[in-house]
Amino acid sequence: MAREGGQQHRTTRKGEGTEESPEVEPSADVAERKERLDEDVDAILDEIDDVLEENAEDFVRSFVQKGGQ
Amino acid sequence: MSVHRVMGTEVEYGISVQGQPTANPMLASTQVVNAWANAGARARRARWDFEEESPLRDARGFELSRDLADSTQLTDEDLGLANVILTNGARLYVDHAHPEYSTPECTNPRDVVVWDKAGELVMHRAAALASQMPNNPPMLLYKNNVDNKGASYGSHENYLMDRATPFGDIVAHLIPFFVTRQVVCGAGRVGRRQDGSDAGFQISQRADYFEVEVGLETTLKRPLVNTRDEPHADPHKYRRLHVIIGDANLSEVSTLLKLGTTALVLRMIEDRVLPGDLALERPVRELRDVSYDASLTHLLRLKDGRRMTAVQVQWEYLEHARKHVDRTLGSDVDADTTEVLQRWESVLNRLEADPMQCARELDWVAKLGLLESYRDRDGLEWDHPKLALIDLQYADVRPDKGLYHRLVRLGRMERLVDGAAVETAVTEPPEDTRAYFRGRCLAQYPEQVAAASWDSVIFDLPGRDSLQRVPTLEPLRGTKEHVGRLLDRCTTAEQLFSALTAR
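Let me begin by describing the structure that accompanies this report. Please read these numbers as outputs of a predicted model, since none were measured by experiment. (Residues numbered from 1 in each chain as written. Chains lettered and ligands numbered in written order. Predicted model: local features only at pLDDT ≥ 70, side-chain atom pairs only at ≥ 80, totals over all residues. Heavy atoms only, no water.)

**Regarding the interface of chain A and chain B**
Point 1. Opposite the 42 residues of chain A that make contact, chain B presents 67 residues.
Point 2. Carbon and sulfur atoms make up 53% of the surface buried where chain A meets chain B, a total of about 4800 Å² over both sides.
Point 3. Where chain A meets chain B, there are six salt bridges.
Point 4. Between Arg398(B) and Glu53(A) there is a salt bridge, with its nearest N and O atoms 3.0 Å apart.
Point 5. Put simply, chain A and chain B have 15 residue pairs in polar contact (both at pLDDT 80 or more) between them.
Point 6. Residue contributions to the side of chain A that touches chain B peak at nine residues, all from helix H1 (residues 30–51) of chain A.
Point 7. Along the lines of polarity and charge, the residues of the side of chain A that touches chain B split into 13 nonpolar, twelve polar and 17 charged. (Contact = heavy atoms within 4.5 Å. Buried area = accessible area lost by both parts, 1.4 Å probe. Salt bridge = Lys/Arg side-chain N within 4 Å of Asp/Glu carboxyl O. Polar contact = N/O pair within 3.5 Å; in protein donor to acceptor, adjacent residues only side chain to side chain. Helix = DSSP H or I, 4+ residues; strand = E, 2+ residues; numbered from the N terminus. Nonpolar A, V, L, I, M, F, W, Y, C, P; charged D, E, K, R; others polar.)

Structure, rendered in structure tokens:
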């Protein structure tokens with residue numbers, strides 16, 4: 001990827017902020033970690049599935065707004 | 001240089017009446033606003049004072065006592081009156097067929113987050129109240145900016161600025177900043193073009209709706225920099241910069257950075273420390289190109305021939321800000337400013353490495369992560385209605401249905417402010433601006449406050465023929481420090497007014 005003009009920033013950047021990364025046990029190897037993340041995502045989607053409005057197509061179509069500012 | 005300055009947000013919410021796509025949105029919005037206003041169960045509601053020049057006569061006209069039955073039989077004249085001021089100093093009203101909440105004046109980005117979030121609670125509860133009225137179907141509110149059929153509605157920011165700063169400087173330095181800040185504070189959108197007719201994701205809700213660089217309009221030919229000049233304060237000292245280019249954010253980090261980074265850039269403009277070397281060749285076009293590129297690799301073309309990513313342009317502003325803070329404050333830098341600088345840097349670092357690392361903090365990344373997970377699991381193309389539904393429902397203000405709220409509950413979104421503080425902010429004003437005076441007058445003397453606006457509180461006092469107007473033209477006066485003890489002491493509005501006018 002071509003990048004121009006940003007190099008001078010490198011000196012002032014700090015290390016990657018890792019504190020916001022998903023919690024993973026330090027001992028977990030990569031495969032275990034991926035499996036856990038997949039299960040995690042599945043659990044989230046299951047929960048979201050439960051609250052999503054039924055009949056997505058109709059619901060989205062009926063959301064009609066007047067323009068504002 | 002600090003992030004501290006008088007600032008606030010104003011958000012128009014999307015509204016739909018469940019099962020009635022053709023319902024009149026002005027009527028529905030009015031019912032929502034009135035439901036909240038009437039929930040105070042006061043005989044009298046303080047009206048918004050539009051007529052700052054001749055308030056006394058007009059303010060009398062606001063003195064309507066209405067009951068719940070009114071709101072189902074509103075005439076057009078009534079519709080224009082759904083406009084109330086709250087004890088937290090905020091304004092709740094109907095604007096362009098949407099319910100809108102303007103935060104009270106705050107002095108720092110964190111407080112804006114708190115009172116902006118309080119607005120979400122007000123909207124959620126107001127809609128719930130309106131939905132409980134006889135014969136009313138549920139009313140649903142969305143903190144978003146588009147319907148994907150061509151309509152867009154605003155989420156604005158306001159910043160008090162020094163009048164002495166030339167507007168040309170503001171325009172020149174803000175445009176590259178505004179075009180690129182969406183990588184930090186975009187809310188994410190499924191659909192491209194104004195009517196959403198092209199399938200795909202984009203970073204910003206609003207990018208497709210801006211057509212010119214500078215102008216007065218807010219509903220047509222929207223400009224990157226809006227020139228509306230109503231300071232709601234002493235016009236010789238202040239300008240109010242009315243920013244119309246932002247997205248409505250649910251994420252607290254997005255809101256904090258939206259207000260905080262913009263406040264820093266404005267101070268640098270006022271202090272004339274920006275070199276002005278970031279002018280873009282085609283800013284309106286670039287706004288859209290940046291929004292359409294979730295990989296963040298698009299190279300913007302600068303007037304001097306350089307090409308930079310949006311994140312790199314943001315780095316330029318951040319580095320100038322760091323230097324200016326060091327130069328002006330050194331180790332005396334305040335915690336609010338440090339927080340904004342650190343978070344801005346942290347987010348830019350990770351956006352450059354892998355945007356998904358910001359999924360717990362930024363709206364557009366959180367939304368994209370959810371959408372991509374659904375695409376992976378269910379094999380959905382970008383034109384699948386389920387993805388459009390996820391985009392819409394992300395912004396549903398109901399805690400049980402809104403997907404942002406679900407992500408928070410699942411521990412997938414970082415919160416910055418305490419829920420108890422937001423709850424308090426539903427009724428209490430900030431203590432360090434004139435909103436404190438306004439809010440406390442409303443809470444303490446509901447029968448005697450006939451009207452109010454950003455720069456006045458108007459009293460209707462027993463035994464006086466005319467209304468009495470107390471101007472509040474100085475946003476940093478009327479604070480708890482200034483008037484807290486006075487308000488504690490004055491049990492009646494008459495006592496307060498006498499004390500104020502005796503000075």
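**Re the pattern of salt bridges**
Point 1. In total, this model carries 39 salt bridges over all chains according to the counting rule given.
Point 2. A salt bridge links Glu474(B) to Lys237(B), with the nearest nitrogen and oxygen atoms 3.1 Å apart. Of this pair, Glu474(B) sits in the loop between strand S18 (468–471) and helix H16 (480–489) while Lys237(B) sits in the loop between strand S12 (222–226) and strand S13 (238–243); the two residues are 237 residues apart in sequence, bridging distant segments of the chain.
Point 3. By relative accessible area, which is 41% here, Lys237(B) ends up partly exposed.
Point 4. In this structure, the salt-bridge partner of Glu431(B) is Lys480(B), at a minimum N-O distance of 3.6 Å. In this pair, Glu431(B) is assigned in the loop between helix H14 (419–425) and helix H15 (435–444) and Lys480(B) in helix H16, connecting sequence segments 49 residues apart.
Point 5. Salt bridges here are not isolated pairs; linked through shared partners, they connect Asp46(A), Asp49(A), Arg377(B), Asp378(B) and Lys386(B). (Buried < 20%, exposed > 50% of the residue type's maximum accessible area, 1.4 Å probe, protein only.)

**A word on the packing of aromatic side chains**
Point 1. Here the structure, examined in full by the defined rule, presents seven aromatic pairs over all chains.
Point 2. Look at Phe63(A) and Tyr142(B): their rings are 5.1 Å apart centre to centre, the planes differ by 70°, and that puts the pair in the edge-to-face class. One end of the pair, Phe63(A), is in the segment after helix H2 (56–61); the other, Tyr142(B), is in strand S7 (residues 139–142), on a second chain. One exposure class covers both Phe63(A) and Tyr142(B), and it is buried.
Point 3. Aromatic rings pair up to connect Phe177(B), Phe178(B), Tyr317(B) and Trp344(B) into one cluster. (Phe/Tyr/Trp six-rings, centres within 6.5 Å; stacked < 30°, edge-to-face > 60°.)

**Description of the state of the cysteines**
Disulfide: a covalent bond connecting the sulfur atoms of a pair of cysteines.
Residues and elements named next belong to chain B.
Point 1. Across all of its chains, the model carries zero disulfides over all chains by this definition.
Point 2. Cysteine Cys106 shares no disulfide, and the gap to the nearest cysteine sulfur, in Cys185, comes to 17 Å.
Point 3. According to the relative accessible area criterion, Cys106 is buried, its value standing at 0%.
Point 4. Of all cysteine sulfurs, the one in Cys490 lies closest to Cys441, which takes part in no disulfide; the gap is 9.5 Å. (Disulfide = S-S within 2.5 Å.)

**Observations regarding unusual backbone geometry**
Excluding glycine, most residues fall at negative phi; most peptide bonds, likewise, are trans.
Residue and element names in this part refer to chain B.
Point 1. We note that Asn135 has phi near 70°; this positive angle belongs to a residue other than glycine.
Point 2. Positionally, Asn135 belongs in the loop between helix H4 (109–132) and S7.
Point 3. Under the relative-accessibility criterion, Asn135 is labelled exposed at 80%.
Point 4. Even without being a glycine, His232 presents a positive backbone phi close to 50°.
Point 5. With respect to the helices, strands and loops of the structure, His232 is situated in the loop between S12 and S13.

**Remarks on a negative patch on the surface**
Point 1. A cluster of like negative charges, contributed by Asp29(A), Glu32(A), Glu35(A), Glu39(A) and Asp42(A), occupies part of the molecular surface.
Point 2. Examined against the element boundaries, Glu39(A) turns out to sit in helix H1. (Patch = residues over 30% accessible without salt bridge, like charges linked within 9 Å, V, L, I, M, F, W, Y side chains within 5 Å. Areas by Shrake-Rupley, 256 points an atom, 1.4 Å probe, with all protein chains shown as cover. Lys, Arg positive; Asp, Glu negative; His and termini not counted. Charge placed at Lys NZ, Arg CZ, Asp CG, Glu CD.)

**Some details on helix H5 (residues 167–180) of chain B**
All names here are of chain B.
Point 1. A rise of 1.5 Å per residue sets the reference length of H5, with its 14 residues, at 20 Å; its end C-alpha atoms lie 20 Å apart and thus fit the reference within 8%.
Point 2. Among the 14 residues that make up H5, ten are buried, leaving the element largely enclosed by the rest of the structure.
Point 3. Taken together, the buried positions of H5 are Ile170, Val171, His173, Leu174, Ile175, Pro176, Phe177, Phe178, Val179 and Thr180. (Expected span 1.5 Å × (residues − 1).)

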